[in-house]
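For reference, the chains in residue letters:
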Amino acid sequence: SDNVAVPIDQAFFVQRVIRALAHRQQFVQDVMHCRLVNSEGDLLPGILCDRYDDTICVQFTSAAMECLFETHVLDALEEVLEPRAIIQRYDLHRDRQLEHAPIRAPTLARGQYTAPTVVAEGAFSFEADLLSEGWCSGRFFEDRPLRLLLRQRLATCDSDSAPVPQVLSLFT
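Given the structure is predicted, the values throughout are model-derived calculations rather than measurements.

(A) Fine view of the pattern of salt bridges. The tally for this structure, following the rule as stated, stands at 6 salt bridges. In this structure, the salt-bridge partner of arginine 84 is aspartate 54, at a minimum N-O distance of 3.1 Å. Of this pair, arginine 84 sits in the loop between helix H2 (63–81) and strand S4 (85–90) while aspartate 54 sits in the loop between strand S2 (47–52) and strand S3 (55–60), and the two are 30 residues apart along the sequence. The class of aspartate 54 is partly exposed, set by a relative accessible area of 29%.

Below, the structure is given as C-alpha cells:
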C-alpha cells in the first residue's frame with residue numbers, strides 16, 4: 001500500500017484477494033481455473049496465485065513477502081476462497097534467484113490434496129500433479145489461446161472421411 005497508516009495484516013490481504021477475484025470475474029471466462037493473483041498487477045508484489053477449482057497453487061517470488069507475510073496471505077486465501085488445498089511452490093524463478101531465496105520441492109501448505117488435479121476446458125481434459133517438480137502452473141493458463149485454436153481446427157475435421165486426430169502435448 002502507498003499509505004503507511006494502513007496495517008499490513010490478514011484483512012489487508014483479504015481485501016486484495018477479493019479485489020483480484022472481482023477483476024477476474026469481469027475479464028476471465030473461467031474464474032475457477034485461472035491466475036487469480038498476478039503479483040504487481042493485483043497490487044500484491046511477489047505473490048503469484050493460480051486457482052484450480054478448489055485447489056490453490058501459490059508462489060512467493062519475493063523473499064521479503066514470503067518471510068514477512070506468508071501466514072497472512074495463506075490465511076486470506078483460505079478465508080476468501082475456502083479451498084480444499086493450498087500448495088506452495090518454490091520453483092526456480094528469476095526473482096527468487098536474485099534474492100537468494102531457497103528453491104525446493106513444492107509442499108502442501110494447507111488442507112488435503114490428492115493428485116491428479118483434473119481441469120476440463122471445452123472438449124479437452126487435463127490432469128496435473130500440482131506437487132510435482134517442474135510443473136509450471138502459470139504456463140497452463142498462458143496456453144489457453146493455443147488450445148482454443150486447436151479446438152477450432154479439430155472442429156473442422158471431417159470425421160466421416162478420416163478419424164478425428166488425437167493430440168498429445170509433450171512440451172512443458
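That covers the picture; the talk isn't over yet.
(B) Spotlight on the confidence of the model for the chain. Of the residues in the chain, 88% have a pLDDT of 70 or more, and the chain-wide mean is 85. When pLDDT is averaged over each element of the chain, helix H1 (residues 10–27) comes out on top at 96 and helix H4 (residues 137–142) at the bottom at 71.

(C) Main features of the packing of aromatic side chains. Under the counting rule described, the total for this entry stands at 2 aromatic pairs. Between phenylalanine 12 and phenylalanine 13, the ring centres sit 5.2 Å apart and the planes meet at 90 degrees, which makes this aromatic pair edge-to-face. Here phenylalanine 13 and phenylalanine 69 contribute two aromatic rings whose centre-to-centre distance is 5.5 Å and whose plane-to-plane angle is 50 degrees, an arrangement assigned as tilted. Of this pair, phenylalanine 13 sits in helix H1 while phenylalanine 69 sits in helix H2, and the two are 56 residues apart along the sequence. Here the aromatic cluster, defined as three or more aromatic residues joined through ring pairs, consists of Phe12, Phe13 and Phe69.

(D) Just the nonpolar core, in detail. Residues Phe13, Val37, Ile47, Cys49, Val58, Val73 and Leu77 are the most contacted members of the largest nonpolar core, which totals 22 residues. With 7 residues, H2 is the single largest residue contributor to this core. When near neighbours in sequence (up to four residues on either side) are disregarded, valine 37 contacts Ala20, Arg24, Asp42, Leu44, Ile47, Leu48 and Cys49. The next biggest cluster of nonpolar side chains, apart from the first, holds 10 residues, and it includes Ile87, Tyr113, Phe140 and Phe141.

Cut-offs and rules
Residues numbered from 1 in each chain as written. Predicted model: local features only at pLDDT ≥ 70, side-chain atom pairs only at ≥ 80, totals over all residues. Heavy atoms only, no water. Salt bridge = Lys/Arg side-chain N within 4 Å of Asp/Glu carboxyl O. Helix = DSSP H or I, 4+ residues; strand = E, 2+ residues; numbered from the N terminus. Buried < 20%, exposed > 50% of the residue type's maximum accessible area, 1.4 Å probe, protein only. pLDDT = per-residue confidence, 0-100. Phe/Tyr/Trp six-rings, centres within 6.5 Å; stacked < 30°, edge-to-face > 60°. Core = buried A, V, L, I, M, F, W, Y, C linked by side-chain atoms within 4.5 Å. Contact = heavy atoms within 4.5 Å.

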